[in-house]
Amino acid sequence: MGDNLISVNNVSVNFDYQENFISKKQKIHAVNNINIKIKKGSFFGLVGESGSGKTTLGRAILGANKISSGNVIFHDDERDYDLTDMNKQDLKEYRKKAQLIFQDPYAALSPRMTVRDIIAEPLEVMKITNSRQETDERVRDIASKCRLNIEHLRRFPHAFSGGQRQRISIARALVSNPKFIVADESVAALDVSIQADILNLLKQLQTELNLTYLFISHDLSVVAHVCDVVAVMYLGHIVEMGPSRELFKNPKHSYTKALLSSIPSIDPEKRSEAIELKGEIPSALNPPPGCVFRTRCPNPGVDCKGGEIKMGLIEVEPGHWVDQCCAL
Amino acid sequence: MSHLLEVKNLDVKFDTDEGRITAVENISLSVDQGEVLGIVGESGSGKSVTAKSIMKLNPGNTSYNEDAEIILDNENVLQFTSKQDLKKIRGGKVSMIFQEPMASFAPAIKIGAQMVEQLLIHKNINKEEAKSISINMLKRVGIADAEKRFNQYAFELSGGMRQRAMIAMALSTMPKLLLADEPTTALDVTIQAQVINLIKDIIKEYQMGVIFITHDLGVIAQVADHVAVMYLGSVVEKGPVNEILKNPKHPYTKGLLQALPDINNLDAPLSPIPGNIPSPLDRPTGCVFRTRCPHHNPEGKDGKIEMKLIEVEPGHWVDQCGIKCGQNG
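Keep in mind it's a predicted model, so treat the numbers as computed, not measured.

Draft legend 1. Local environment of the sheet that holds strand β6 (residues 98-101) of chain A. Residues and elements named next belong to chain A. A sheet is described by the order of its strands in space; here eight strands give the open sequence β6-β7-β8-β3-β9-β10-β12-β11, paired in mixed fashion. Lying at the two open borders of the sheet, with one neighbouring strand each, are β6 and β11 (313-317). The average undirected angle you get between the axes of adjacent strands in this sheet is 20 degrees. Alignment of strand β3 (residues 43-47) against strand β8 (residues 212-217), held across five bridges, turns out to be parallel. From the neighbouring strand, Phe43 faces β8, where its bridge partner is Tyr213. Helix α5 (residues 162-174) rests against β6 and β7 (180-184) of the sheet, and its axis sits at about 170 degrees to β6.

This is the structure:
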């Protein structure tokens, strides 16, 4: 267990759903039976389309969503935290150690607070610092690490561009000295020229501050560039998982293959090579039985056997896991 | 040969409380029938403003320069003032698809009713005919159960389907020019691939001209015939898509290409373009890109070189300051 920071064991998250007050209560299976281990100091990527359960899983790991079954263990230096069995005191401690960076830097920052107050707020709420002087010191320290000018601290968020705002959000997430960061689509709202800057900053902070990331994104080329390990999600299930180079060079699952081929190539001579997926992601209210990707699979009938094959990952190469329906 | 659309020396300025903002300066573009012109650039580069000028959709505080011309089908759109004339371009000869289809459909009116309404305005037909045209168009863009969807509201459709419905609506009046403003940005990659293929098929089938606005160079490579790269309201480079992406001359175009993570070359470092796009309130004089340009061409840095496109290869135009900087890097 020594080198893992997070162990996610058989985690499922369900939501109750009722269309109107007379209809039957149903369950939405947002996340199903997920097992992942996130190593200390790694950049773990989670990719998939909207509705695949990436964000729900990320929030479950942070303790922000109720976990319906299974458990999440955070291995700290001194002790382990079990997220499904935590009292208020533990949760407070955990919050200092696990933080979140949001997608939209325009919505995530309060327009009425100065940058200094935004970054200092976690310190005050979590009662980490004892004096204003100490707070200011930590704010200034983390701001300079995130390449913000000291003069910027007195200004309000409206004075900043998207890239600078995202740096403010990162500073706020890092000020409590966390070990684990969930970055949920943190570069999706940025222009390409700025996106590269933020990705480089995240990488640099990782080595400087010894961070472990769970990086949630729908953009495969970004994930391929920054992540060490990648898990591909579809309709609440992980369909393929492995070291990112291996996975992108040698994808096994037909969903991963289709996703990779859908990235528009920058080369105008390589047009329409995409394996086009028919239709859209099915509703999580009644997912197809057996392999969830069956309804859109470009080569069905391989041996899906009409949904008789249950979902389950098989190790095809060391560390490279593929759902058994496609692996067989 | 006359083009379907020709924009000549267009400036667009907005009067705001903080002063006059130059959103677009001295832009010249042309689109032929059956051709896709891609416009790329970061947010704030004036892509959408340029497109909206063609339909005169910019807000009341907009002013255009007097010698600008937007010639569509041999008529200068900028001279249009009467409702009758504007109706011809808005939804008649020109249609627009927007980024966020949820925001473009009225939420409380059925999709079918919205499609029929615009057909009745632009075509001399009755309701029954409009309904059958609409349903056929919905089928054409690949919506299953078109009759059922016709009677549904926008919120009942998924993102990809809404964008298809939007395309169906834009095409049902048979426009000569289609303006597509980031039509795939809000979609997942798999759905994006479907929508791109659909748009390409439709262009072939109806032989319309298209202006395709996006910030994604990959999408541009897939759909466009010609590309114009915009930065802070100016076109810094334009030409055939192959030329621009394989043989870029301007440091900004090069910077955009280097900042893009390439899945086929994972060892390449991601190199951001330094700095931020300046506020249009203090637009640099001379070359607009000089405040972020990584190659310090001394003259260009002082802002002494005016913006002017020069033809470096047949059809490939680059800003004159950018040519010099481009040679240094």
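After that view of the structure, there is still more to cover.
Draft legend 2. Structural view of unusual backbone geometry. A positive phi angle is found at Asn177 of chain A, which is not glycine, with a value near 60 degrees. Here Asn177 of chain A shows up in the loop between α5 and β7.

Draft legend 3. Up close: the nonpolar core. Ranked by size, the top nonpolar core spans 196 residues in total, and within it Ile119, Ala171 and Phe215 of chain A together with Ile211 and Val229 of chain B carry the most contacts. For this core, the element with the most residues is helix α7 (residues 159-171) of chain B, which contributes eight residues. Those residues in contact with Ile211 of chain B that lie beyond four places of it in its chain are Val31, Leu37, Ile39, Ala51, Leu179 and Ala180 of chain B.

Draft legend 4. Structural detail: the interface of chain B and chain A. Listed by partner, the interface residues are 35 residues for chain B and 35 residues for chain A. Of all the secondary structure elements, the ones that give two or more residues to the side of chain B that touches chain A are α8 (189-206), α9 (217-223), α10 (241-246) and α11 (251-259) of chain B. Looking at which element gives the most residues to the side of chain B that touches chain A, the answer is α8 of chain B, with seven residues. Within the side of chain B that touches chain A, the residues separate by chemical class into 17 nonpolar, 14 polar and four charged.

Draft legend 5. How the structure looks around helix α6 (residues 192-209) of chain A. All names here are of chain A. Spanning 18 residues, α6 covers 26 Å between terminal C-alpha atoms, matching the ideal 26 Å at 1.5 Å per step. For α6, the full list of buried residues reads Val192, Ser193, Ile194, Gln195, Ala196, Asp197, Ile198, Leu199 and Leu202. Immediately downstream of α6, the backbone of Asn210 shows phi near 60 degrees, a positive value.

Draft legend 6. Highlighting the sheet that holds strand β2 (residues 26-39) of chain A. All names here are of chain A. Reading across from one edge, β2-β1-β4-β5 is the order of the four strands in this open sheet, with antiparallel pairing throughout. Since the sheet does not close on itself, it has two edges, and those belong to β2 and β5 (80-82), each with one partner. The sheet shows a mean angle of 20 degrees between the axes of neighbouring strands, direction not considered. Here strand β1 (residues 4-17) pairs with strand β4 (residues 69-75) via five bridges, running antiparallel. Directly across from Ile6, in β4, lies its bridge partner Phe74.

Rules of the game
- Residues numbered from 1 in each chain as written.
- Chains lettered and ligands numbered in written order.
- Predicted model: local features only at pLDDT ≥ 70, side-chain atom pairs only at ≥ 80, totals over all residues.
- Pairing = 2+ DSSP bridges.
- Helix = DSSP H or I, 4+ residues; strand = E, 2+ residues; numbered from the N terminus.
- Axes fitted to C-alpha atoms, helices over the stretch in contact; angles between N-to-C directions.
- Contact = placed C-beta atoms within 7 Å.
- Core = buried A, V, L, I, M, F, W, Y, C linked by C-beta atoms within 7 Å.
- Buried ≥ 20, exposed ≤ 12 C-beta atoms within 10 Å, placed from the backbone.
- Nonpolar A, V, L, I, M, F, W, Y, C, P; charged D, E, K, R; others polar.
- Expected span 1.5 Å × (residues − 1).

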